[in-house]
Amino acid sequence: MLPRYAEVILPIPLPNLLTYVIPDNMIEQCTPGCRVVVPCGKSKLYSGILCNITDKKPDSYEIKEIVELLDQTPVVTPYQLKFWYWIANYYMCTVGEVYRAALPSGMKLESETILYRTTKAADYNSLKPKELMLLGAFNDKVTEIPMSKVGKIISAKNYISVVNNLIANGYLMPDRIIEEKIKPKTEKFVSLHDSFTLEIQFKGLFDDLERRALKQLQVLMAYLAGAGVKIENGEIKCRGEISRQKLLSNSDLSPAALSALIQKSVFVETEREVSRIEKYDGEIELYHDLTPQQQTAFDQIENHFAEKNTVLLYGITGSGKTEIYIKLIDKLLAQGKNVLYLLPEIVLTSQIIRRLQKVFGNSVCIYHSKMSDAERSEIWKNIISGDEPKLILGVRSSIFLAFKNLGLVIVDEEHETSFKQFDPAPRYHARDCAIVLAQIMGAKVLLGSATPSLESFFNAKSGKYGLVELTKRFSEHGQPQYLIVNTLEAAKRRQMKSLFSPQLLGEVKTCIENHEQTLLFRNRRGFSPYVECQTCGWIPVCENCDVSLTYHKRDNRLVCHHCGYSIEMPHHCMACGDVSLKTMGFGTEKIEDEIKLFFPEARISRLDSDVTTSRSRYEKIISDFEDGNIDILAGTQMISKGFDFKKLRLVAILNADSMLNYPDFRAEERAYQLITQVGGRAGRSQLKGKVLIQTNNAEHPVFQDIISNNYMLMYNRLIAERSKFLYPPFTRLIKIQLKHKEPHLLDSEADRLAGILRNSFGAGVLGPEYPLISRIQTLYIKEIMLKISRTHYGDAAKKIITDAIGYVKSTATHAGLIAAVNVDPV
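These notes cover the structure that comes with them. Predicted model only: the values in this text are computed from it and were never measured. Sequence positions are assigned chain by chain, starting from 1 and proceeding in written order. Per-residue local features of the predicted model are confined to residues with pLDDT of at least 70, and side-chain atom pairs are confined, for both listing and counting, to 80 or more; whole-chain, interface and lining totals are unaffected and use all residues. Side-chain measures here rest on the full set of heavy atoms in the structure, leaving out hydrogens and waters.

Another aspect to go through is the environment of S501. Following the sequence through the fold, S501 ends up in the loop between α16 (487–492) and α17 (502–513). Relative accessible area decides the class of each residue, using a 1.4 Å probe on protein chains only: under 20% of the type maximum gives buried, over 50% gives exposed, and in between gives partly exposed. The exposure class of S501 is buried, given its relative accessible area of 0%. Residues S501 and T636, 135 residues apart in the sequence, show an inter-C-alpha distance of 20 Å. Ignoring any residue separated from it by four or fewer positions in sequence, one finds S501 in contact with V485, M496 and Q694. Distance and chemistry together define a polar contact, namely a pair of N or O atoms within 3.5 Å, with one atom able to donate a hydrogen and the other to accept it when in protein, and with adjacent residues in sequence counting only for side-chain atoms on both sides. Reaching out from S501, the side chain makes a polar contact with the side chain of Q694 at a distance of 2.9 Å. Put simply, DSSP marks the helices as runs of H or I at least four residues long and the strands as runs of E at least two long, and each gets a number from the N terminus on. The contact criterion used is simple: two residues touch if any of their non-hydrogen atoms lie within 4.5 Å.

Examined bridge by bridge, strand β10 (residues 186–192) and strand β14 (residues 267–273) share seven bridges and lie antiparallel to one another. Note on β14: the bridge partner recorded for T186 is E273. Bridging between β10 and strand β13 (residues 242–243) involves two bridges; their strand directions are antiparallel. When the bridges of β13 are listed, F189 appears paired with S243. Strands qualify as paired when DSSP identifies two bridges or more between them.

Turning next to the nonpolar core. Judged by nonpolar contacts, the single largest core of 119 residues is most densely connected at W84, W380, F400, I653, L757, L786 and I801. Top element by residues in this core is helix α14 (residues 430–441). It accounts for nine residues. Filtering out sequence-adjacent residues up to four positions away, I653 remains in contact with F521, M659, I675, V678, V691, L692, I693 and Q694. Counting 31 residues, the second-largest nonpolar core is a separate cluster that includes L290, F298, V359 and V364. By nonpolar core we mean a set of buried residues, namely Ala, Val, Leu, Ile, Met, Phe, Trp, Tyr and Cys, connected to one another through side-chain atoms within 4.5 Å.

What follows covers the pairing of strand β33 (residues 731–740). Working note: regular strand, side chains alternate between the two faces of the sheet. A large share of β33 lies buried, amounting to eight of its ten residues. Relative to strand β37 (residues 818–823), β33 is paired through six bridges, and the arrangement is antiparallel. Following the sheet pairing, I736 is matched in β37 by V821.

Looking at the element boundaries, S398 is found in the loop between β18 (391–394) and β19 (406–412). S398 sits in the buried class, given a relative accessible area of 0%. Dropping the residues within four chain positions of it, S398 is found in contact with L340, L342, Y367 and F403.

Moving on, we get to the pattern of salt bridges. Any carboxyl oxygen of Asp or Glu that lies within 4 Å of a side-chain nitrogen of Lys or Arg is treated as forming a salt bridge with it. Counted by the stated rule, this structure contains 37 salt bridges. The salt bridge involving R354 is made with E626; its shortest N-O contact spans 2.6 Å. Taken as a pair, R354 in helix α12 (residues 349–360) and E626 in helix α19 (residues 615–626) lie far apart in primary sequence, 272 residues in all. On the accessibility criterion, R354 (34% relative accessible area) is partly exposed. Exposure remark for E626: the relative accessible area of 28% places this residue in the partly exposed category. Here E513 and K509 are joined by a salt bridge, their closest N and O atoms 2.7 Å apart. Of the two residues, E513 and K509 both sit in helix α17, four residues apart, roughly one turn of that helix. Here the residues in one salt-bridge network are E455, R666, E669 and R722, joined through shared partners.

So, to be careful, I would describe these as geometric facts and stop short of saying anything about function.
This is the structure:
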């Protein structure tokens, strides 16, 4: 007898899996990895992942039946299920939260309540106006209304009570449905009618249309020019085909004329399912031969892969790491294996996509969160069902794709913090997860960076990873020249011109005269970080968060970057009434404004998240800068890595000290990485690059390390500090964040949790403390940091933490305490 019960993963944070009865008609079709529709709670239906079939019936609760089997073949592989369980265990979350993050939204279905009108006549004397309004919405054409649309129909927040009253009195009948969110995309195609077999048939048709219907003739000529019709020896060998949309893309062509030709049986129109994924139709180019240094690095990587699963490629900016990646990818694809290429930012994909598509064509598959749910769902299904090897290019969420025969994972810019998911759970790090995924699937991992994270470099130096180094630039001019500009001294001598030193303005002027480009870097968007009254010191703050409001000049508004709260820029102080309000500090918007005053004829633009509101917008800015249509670009860290601009000679780092003055043990490492990465954009072709760092602290060790281009000096200094004060990689960190609307309740519960944890971890418990921003979106925040030695770190330590949090939440005197666990915070 076949097992009758199925354990199902639901997209909700349940500590245990729920078991369901498999109906008799589904027993043979149910397979682990398929989606099933199951009830949960009183009236909710979910699509879950069937992960295990068993003959054990749980005794602790009454089990329900599976409602529907959605897939004939699995959409999640056994490798993925194993990977999901590892993530849930390591990052201290539930497997349901992993499932929710992994699958595209279009593949996760939830039930919808549909309301039907019964035949009972409305009693106008007893029914309320809103109830009559809802019943009046039903007619011969509207026979059903989704519950989710009722509130808009009757303009009432309490619409559920209105619906419940109508159901109770027999006027409405509810029903639950669940259906696929993503419908197949269809498109109409036009082809020649079967009656056209000879070329001579066109002559009579041309003559007739020329006399009577010139617009129809234009459509026919456009079809013959673009549909691929082939004629040999007077016979039509290929009738061709073209999409209706493409045929009518010329605004001079008439849809009515096309319809007339279809009615005359000149054309046949058919509709069929098509892909949402754009195909590459450009030319394929051979990749460049590697330089001797690159070839040596490639051979070393291959040798390391014979003994180790993970290799770190430490190559300075502009050394040609991508060329090595391309040769490795080509080799793996030729072996019939898939390759995952991870990038930290969506904005990086546009330039690298073009570069890789020129080599690998339609073998390149792109996946990121800016794509629609329908596109991501289609990609997911294509990868799990396709047999052709693919190069998957994407951001951190790409690690969840349903890979088959994965051969290599490339993690480019592996030091980047954007590989870490912050909220919601699972709070995973894509780099570390990629290493585990590769181990599960028998693949190799190549980590690449010009400024490796201290943890990765430590692993490479200690022999856990292979280490390969590229120490020379691809271009002849080598590394850019770094110059420190002491803005404190310049200000004392009154040499500063607004935000800019005389040296910087002089270099920008030279670049413009030589038709070269400049990048002005400041890792803060907006015009000004805050506004201050010069009389009483009043500063506008967010009503939901403990932060000052950032001034955005273009919109003339003060905006909170944490919750979105905004107000118009006040004309006077809200405290003393004086009009002496002054913007303090500066962001990229102010840099753009100020530099225009000095170079009014220059073509100036800005790249930050305020202006790149759509994918097409930031691609336009990048392509304009790449094509030399922008002279000066002000930008945040969006522009700091991965790009290759041929005419960019000068990079200026404004207010570099702001990257160091931050209470984080990684602040110096991050500053070194960010300045080196953005500086590495300069002089990548035939130009000798120059990087100006404006700072008030010119003697800081980080700036000296950057000037000398000495990563090892920085690494040795910081790794000694980490060892002395017991920070990663010598210990493991777990951050527990507690939130509550009432600060005094938060204080007491945080102290209670810290006391419980100290019983097990002693001095390894730091806090609780309020973070730099102690309230976000009306919730007060306290954090507890746990330092756990690598020898004591494991499942037992995590169970102690989970049990302690569970105990505090269950015994809290007031509801509303929120706890979030962040393993390996960055």
